Amino acid sequence: MKKSAVILVFLSFLIMPQAMPEDFSSNNAVIEHAWDGQKPITDAEFEKAINTLTEKQKKKEEKAKKKKIKKISGGGTSLHKGLEPMSEISAQEALKEKGEFDGQLLNMPVDFIVDGKVLERGYYNVFGEKDKNGDVYLSFYQAHYFKGKVKAKTTNNDFGDELLDFVKIEPYNEDYIRIMYGSLDFNAYAYLRCKN
């Protein structure tokens, strides 16, 4: 009799479905059919999704870069062309084209005479020019204003200067100074009378 009671109890557990938890049977069905209805993704679709995500990251980085530049430069624009904070800096050419040369800056410590005019001490842009006959002239400018021109003599001497383009002066005697000019085209010198 004991055997039959144990068997009956065991069979009652097997036959009764409500004895099992309800969630177990429903979850099992969901797991079995989890991949149903999924479509395969192509490589192109995957790349497009990745590019979208990385594009957002790039925008964040660019925004952070702009913020840093604004902190450094103050957020304004430059008065000079090509020097705005966000512009790319272009490589400089090794030599300027003919006609674009800015001249050489010279600080004259004394008043001097050119073409019968007295030029006061100060800073001058000196340009070396050859005319049609091959004569060399040194022109003196302050800002954009022509101040005078003096004839110079060409030479092969580089006057001990390491630079290719240069202008410098040295005292010659009590009344004259020697101006020495060097460029890619020629080296020249001239004597200028000083005003006492």
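Let me sum up the structure you'll find in this document. Keep in mind that this is a model prediction, so the values were computed, not measured.

Side note on the overall build of the protein
- Per the secondary structure count, the protein includes 3 helices and 9 strands.
- The secondary structure elements of the protein, listed N-terminal to C-terminal, are α-α-α-β-β-β-β-β-β-β-β-β.
- When contacts within the protein are restricted to residue pairs at least 6 apart in sequence, those whose partners lie at least 24 apart make up 34%.
- A total of about 16,500 Å² of accessible surface is found on the protein, and carbon and sulfur atoms cover 56% of it.

A few points about a positive patch on the surface
- Together, Lys63, Lys67, Lys68 and Lys71 make up a positively charged patch on the protein surface.
- Tracing the backbone shows Lys68 in helix 3 (residues 43–73).

With respect to the packing of aromatic side chains
- The final tally for this structure, using the stated rule, is 10 aromatic pairs.
- Judged by centre distance (5.4 Å) and plane angle (65 degrees), the ring pair of Tyr141 and Phe146 falls under edge-to-face.
- With relative accessibility at 23%, the residue Tyr141 sits in the partly exposed group.
- Site record: aromatic cluster; members linked through ring pairs are Phe159, Phe166, Tyr172, Tyr189 and Tyr191.
- For the cation-ring pair, Lys149 lies above Tyr137, with the distance from its terminal atom to the ring centre recorded as 5.4 Å.
- It is Arg178 that lies over the ring of Tyr189; its NZ or CZ is 5.8 Å from the centre.

A short note on the pattern of salt bridges
- Within this structure, the stated rule accounts for 6 salt bridges.
- Between Arg121 and Asp111 there is a salt bridge, with the nearest N and O atoms lying 3.6 Å from each other. Here the residue Arg121 occupies a position in the loop between strand 3 (117–119) and strand 4 (122–130), and Asp111 occupies one in the loop between strand 1 (104–108) and strand 2 (112–114), the gap between them amounting to 10 residues.
- Asp111 gets classed as buried once you look at its relative accessible area, which sits at 19%.

Digging into the nonpolar core
- Formed by 21 residues in total, the largest nonpolar core has its most connected members in Phe112, Val126, Leu138, Phe140, Ile179 and Leu192.
- For this core, the secondary-structure elements that each account for two or more residues are strand 1, strand 2, strand 4, strand 5 (136–142), strand 6 (145–155), strand 8 (176–182) and strand 9 (187–194).
- Ranked by the residues each element gives to this core, the list is headed by strand 9, at 4 residues.
- If sequence neighbours within four positions are ignored, Leu138 has contacts with Val126, Phe127, Gly128, Gly148, Lys149, Val150, Ala152, Ile179, Tyr181 and Ala190.

Regarding the pairing of strand 7 (residues 166–171)
- Looking at chain direction, strand 7 and strand 8 are connected through 6 bridges and run antiparallel. Looking at strand 8, one finds that Phe166 is bridged to Gly182.
- With antiparallel pairing between neighbouring strands as the criterion, strand 7 and strand 8 make up a hairpin whose turn holds 4 residues.

Some thoughts on the pairing of strand 8
- Most of strand 8 is tucked away, with 6 of its 7 residues classed as buried.
- Sheet topology note: the strand 8/strand 9 ladder contains 7 bridges and is antiparallel. In the sheet register, Met180 faces strand 9, and the bridge partner there is Tyr189.
- The antiparallel pairing of strand 8 with strand 9 creates a hairpin that spans 4 residues between the two strands.

Describing a nonpolar patch on the surface
- On the surface, a cluster of nonpolar side chains totalling about 430 Å² of accessible area is made up of Ile7, Phe10, Leu11 and Ile15.
- Among the structural elements, Ile7 can be located in helix 1 (residues 2–15).

A short note on the side chain of Asp111
- At a separation of 2.7 Å, a polar atom in the side chain of Asp111 contacts the main-chain amide nitrogen of Arg121.
- Other than its neighbours up to four places away in sequence, Asp111 contacts Val118, Leu119, Glu120, Arg121, Cys194 and Lys195.

Focus: the side chain of Asn187
- Along the polypeptide, Asn187 turns up in strand 9.
- The exposure class of Asn187 is buried, given its relative accessible area of 13%.
- Among the polar contacts made by the side chain of Asn187, one reaches the main-chain carbonyl oxygen of Asn157 at a distance of 3.0 Å.

What counts, and where the lines are drawn
- Residues numbered from 1 in each chain as written.
- Predicted model: local features only at pLDDT ≥ 70, side-chain atom pairs only at ≥ 80, totals over all residues.
- Heavy atoms only, no water.
- Helix = DSSP H or I, 4+ residues; strand = E, 2+ residues; numbered from the N terminus.
- Contact = heavy atoms within 4.5 Å.
- Areas by Shrake-Rupley, 256 points an atom, 1.4 Å probe, with all protein chains shown as cover.
- Patch = residues over 30% accessible without salt bridge, like charges linked within 9 Å, V, L, I, M, F, W, Y side chains within 5 Å.
- Salt bridge = Lys/Arg side-chain N within 4 Å of Asp/Glu carboxyl O.
- Lys, Arg positive; Asp, Glu negative; His and termini not counted.
- Charge placed at Lys NZ, Arg CZ, Asp CG, Glu CD.
- Phe/Tyr/Trp six-rings, centres within 6.5 Å; stacked < 30°, edge-to-face > 60°.
- Buried < 20%, exposed > 50% of the residue type's maximum accessible area, 1.4 Å probe, protein only.
- Lys NZ or Arg CZ within 6 Å of the ring centre and 35° of its normal.
- Core = buried A, V, L, I, M, F, W, Y, C linked by side-chain atoms within 4.5 Å.
- Pairing = 2+ DSSP bridges.
- Polar contact = N/O pair within 3.5 Å; in protein donor to acceptor, adjacent residues only side chain to side chain.

That is the geometry; function is a separate question.
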